[in-house]
Each structure stands twice: as C-alpha cells, then as structure tokens.
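Structural overview for review
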Amino acid sequence: MRRGSDVLRSLLSRDRRLAQEPGGMIFARLRRHLTLWYSGVLAGMLLLFGIVLYLSVHQLLFGPVQADLKNTADSITSHWQRHPGQPYPPDSELVSTSSGVLFSAVFRGQVFPVDCFDPNGVYLPLTYPSGNPVNGPKGSSNPFVKDSLVSQAIQNGSATETINYGGDIGDVYVYAQVVPDPGGDGILGVVQVAELVNTQEAVLNQTLILLLILGAATLFAAAVGGLLLADRALAPTRLAFARQQAFIADASHELRTPLTLMRADAEVLLSGRGRLDPDDVALLEDIVIESGHMTTLANSMLTLARLDAGEFHLEREVVDLASVATRVAHRVHAFAREKQVTVQVEQTRAREPQANQALVIGDKSLLEQATMILVDNAIKYNRSGGSVTLHAFTSQGQACLEVSDTGIGIAAEHLAHLGERFYRVDKARSREAGGAGLGLSIARGIAASHGGALTLSSTAGQGAVARITLPAAETVRR
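Computed from a predicted model, the values in this text were never measured in an experiment.

Quick look at a nonpolar patch on the surface
- A surface patch of nonpolar side chains, about 390 Å² in accessible area, is lined by Trp37, Val41 and Met45.
- Mapped onto the fold, methionine 45 is located in helix H2 (residues 24-82).

Thoughts on the pattern of salt bridges
- Taken as a whole and judged by the stated rule, the model has six salt bridges.
- Of the charged contacts in the structure, one is a salt bridge between arginine 273 and glutamate 285, with a shortest N-O distance of 3.0 Å. With a gap of 12 residues between them, arginine 273 in the loop between helix H4 (198-270) and helix H5 (278-309) and glutamate 285 in helix H5 connect regions that are remote in the sequence.
- Residue arginine 273 is classed as partly exposed on the basis of its relative accessible area, which comes to 41%.
- Its relative accessible area of 32% is what places glutamate 285 among the partly exposed residues.
- Here glutamate 402 and arginine 467 are joined by a salt bridge, their closest N and O atoms 2.6 Å apart. Taken as a pair, glutamate 402 in strand E15 (residues 398-405) and arginine 467 in strand E17 (residues 464-471) lie far apart in primary sequence, 65 residues in all.

Quick notes on the nonpolar core
- Counting 39 residues, the largest nonpolar core has Leu321, Leu374 and Val403 as its most contacted members.
- Contributions of two or more residues to this core are made by helix H6 (321-331), helix H8 (364-380), strand E14 (387-395), E15, helix H11 (439-449) and E17.
- The dominant element in this core, judged by the number of residues it contributes, is H8, at nine residues.
- Look past the residues within four positions of leucine 321 in its chain and what remains in contact with it is Ala358, Val360, Leu367, Ala392, Ala399, Cys400, Leu401 and Leu470.
- One finds Ala73, Tyr88, Ala176 and Leu204 within the second-largest nonpolar core, a separate group that totals 34 residues.

A closer look at the environment of serine 78
- Locating serine 78 in the fold gives a position in helix H2.
- Distance in space between the C-alpha atoms of serine 78 and proline 182 is 9.9 Å, their sequence separation being 104 residues.

Looking at H8
- Look at H8: 24 Å from first C-alpha to last across 17 residues, which is about the 24 Å you get at 1.5 Å a residue.
- The set of residues buried in H8 consists of Leu366, Leu367, Glu368, Ala370, Thr371, Met372, Ile373, Leu374, Val375, Ala378 and Ile379.

Let's talk about the packing of H6 against H8
- Interaxial distance between H6 and H8 falls to 9 Å at its minimum, and their mutual angle equals 55°. The orientation of H6 relative to H8 falls into the category oblique. As H6 runs across H8, the sense of the crossing is right-handed. Contact with H6, carried on its side by Leu321, Ser323, Val324, Arg327, Val328 and Arg331, involves Lys364, Leu367, Glu368, Thr371, Met372 and Val375 of H8 and no other residues of that element.

A word on the pairing of E14
- Of all nine residues making up E14, seven are buried, and the element is well covered by its neighbours.
- Of the pairings in the sheet, the one linking strand E11 (residues 342-345) to E14 comprises four bridges and is parallel in character. Residue pairing for E14: valine 343 is matched across the bridge by valine 388.

Cut-offs and rules
- Residues numbered from 1 in each chain as written.
- Predicted model: local features only at pLDDT ≥ 70, side-chain atom pairs only at ≥ 80, totals over all residues.
- Heavy atoms only, no water.
- Patch = residues over 30% accessible without salt bridge, like charges linked within 9 Å, V, L, I, M, F, W, Y side chains within 5 Å.
- Areas by Shrake-Rupley, 256 points an atom, 1.4 Å probe, with all protein chains shown as cover.
- Salt bridge = Lys/Arg side-chain N within 4 Å of Asp/Glu carboxyl O.
- Helix = DSSP H or I, 4+ residues; strand = E, 2+ residues; numbered from the N terminus.
- Buried < 20%, exposed > 50% of the residue type's maximum accessible area, 1.4 Å probe, protein only.
- Core = buried A, V, L, I, M, F, W, Y, C linked by side-chain atoms within 4.5 Å.
- Contact = heavy atoms within 4.5 Å.
- Expected span 1.5 Å × (residues − 1).
- Axes fitted to C-alpha atoms, helices over the stretch in contact; angles between N-to-C directions.
- Parallel < 35°, antiparallel > 145°, perpendicular 65-115°, else oblique.
- Left-handed = near helix turned anticlockwise from the far one by under 90°.
- Pairing = 2+ DSSP bridges.

This is the structure:
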C-alpha cells in the first residue's frame, strides 16, 4: 500500500509538471477528468456488484432461518386453530438460561423459543399440566418478547426483526405471525418464534468488511492505472499540440516582419498619391488595410501561442484595477468619440463590509491589454449615443473589473461559444470592424494566467457585461 501511495504521489507531481508544458493546464485537467470518469464508472460497477453479492449472501444465510421460523409458526398456528384454548403445542418445553426461562417448541429436531399473545397483544403464559401458569420475568418467560413486533404483526399479518440482546444471547432473529380464527373473520392471537443468528451475522459482517476493503483497494489501483493509461493515451495528442503551438508561434513571428514592410512600402507609395492613377491609389489603400488586419491577426496568434506555452513573463506587482480602468478609458477616448459612445469609470466600490481596494498581484500591461479588448468590443458593438461603463470592486475575497455597455447585446445561443478562437457572432460586422475572433480568447488567457477568469453575460438588445475576476491582493495596514 505504501508503494502504491508513492506511485500516486509521483503521478500527481508529474501532473504538476505537465501544467508547465505548452497547453499543460488543458492536458492536466483532461488527464484528471479521464481518470475520474474511469474510476467513477468502476466504482459504480463495484457498488452494484457489492450490493448484489451482499444481498445474495444475506439470502443464503437468513433464507433457511426465515423458512424454519415460518414453518414453526405455521405448525403452532395449525395446532392453535385446532385447539383454540391451547395455543402452545403439546411438545413445548421449558429451557432454563441465564436470561430466564424459555418456552420452546421443537420443529424438525430443532428447538425454537416461542410465545403466544391474544388478539390485543397480551402475553398468554404456558401452563403446567396442573393448570397453573408459568410466568417468567415481567409476566413473560421469554426475553425475546418484543411488544412493538407483536403490534406490527397484528396490523400487517406478520413482522420480522433482528435484535441484539447482548450477553450470552447476542443477535436474535424474531418472527411474529397472526393466527386467523378459523370460525370467523377475527384472529385468535399472535405467535412469535425466534432463533439465534450470531453465526450468520458474523459471516455477513465479515463479508461486508471484505467487500469494503477489496473495493477501496480496487479503486486505488484503478486511480493509479487510470492516470498511467490517460498519460499514455494523451502523449501523442500532447506532442501534436506542442508542435502546433510552436508552428503557430514561429509562423506568426516570421509573418510580422514582411507584413510590416509591405504596409510601410504601400504607405510610402501613397504619400505620393497625386502622381498615381486613382485605381492604383485604391489598390494601395486596400493593401494597407489588409496588411494591417493580417498584422493584427499574426500578433494575436503569437500572443495566444505564448499564453498557451506559458512563455509570457508576468511582472509581479500590486495593480489597482481602478487605475487600469481609468487608463484604458483615457486611451479609448478618441475612438469612442468617433463612434459617438460615452466611456465612463465608476469609483471603486466595495460589495463587502470593510472591503479593500480592488488590488491584485499581476502584470499591469497585460491586464490593461485584456481590459482594452473588452472595452474595444463594447464600443464596436454599441449603438450611436450609447455608453460603456468600467468599474472595479471587491466581492467575496475577489477583485473584479467589470465592463458593461448599452449595445446590441448577444443572443443566448452564442454566449457559450464566446472566447472560442475565431468564433464571431456577426462575422460580417466583425470583419468590417477588423476583428478576427481572437480578442476574447486573449483576454480569457490573460485572466487565466493571473489565476482568474473571464465571464460574460448578455441579453440580446440590452447590452452585455464582461467581468474579469482575479484573486485579491492582501494589503498590509500601515
């Protein structure tokens, strides 16, 4: 077991190392999910098998006991119905024990403690041949008498219960059965018989303990084996993913220089547009615009590749999200005015009593980039005369930066796909605005690299709300 624990710790440490590789967080999470699904299915199968086995063993152990007690009760019932005034059969005998005197009946050579009760549940004592009753403790010579069991039998026709009496008695299986009156609709009374089942209970308990031990050991082995199998199954995919990310990063990096040169050359030619044919001017303007789009796309793809590979060097400094919001609002002022959209920043507000400022530990430039993406989208997909509001606050120990707008909103069927790469709600409008469907992916990646998350909510025609939630920094009181 100790060696198995060492193997499991080794696999979990490998899980942490995988998180440092390109796309490691995705594969580490997928590896854990595969193992959990595998272990969960196996646990369900083991549980079903254990229940079936336990019930089967229970039936094998207690089936004969139930049959013997039922047959004994039927025999006493037949005697009682033939002799209404003599509920106990003639072969009943007295057996002395440390717990008292037992009235017993013999069935197939086996002695069963037996007691009889009238229709009201009152105990009927056995009598000597002289006619004098023989009473044990509390009017009953049988310590197995269970008044509640007799009441259940009167209501339901029969009742059973396993009772632990301790001492030298231990576990007893008690069966009570109504004796119908053969001459009418009433009953003559209730007969109760019992049998010691210490051996059966011990075997059943040992079976349960064995099932629990084997089940736990099997699940542990399944978890270790599942991690190994998932690791092997994901190895080719992980390699392909790493190569893909390397290719995207290299291609994006190599494309940026020629695209920049192409755009610069076109802009130089356009500087002398007076000497050019109007058609050539239009073509050069298209080259400038498209090269700009392609440069933006290459930069976005390079950023995502670096985020996936964990190659971004994150500065670790205290960042006030309120100042990030103010700076981003200042940077987009001209663009918002051109689109006739108002951008405003609310004062930092606390949603918890005595909450601190919205401070986080992170890279200020990356957080500004993520916020800029959200504000840029809020402006582009807004209405003329609309507004965009930024506010930072703390809530439940988290620092939040929220961007809300009064724009066209997003339909519910698109919300689940926002943040997927190259996914655009309105492809025609996104293309016209210069978008490639990578902005939200970058913002989500930046939030994740800071240990946070990006959430989006919207109602079609009523604007949208984007929120970056990050772990709040602990401030030191001076």
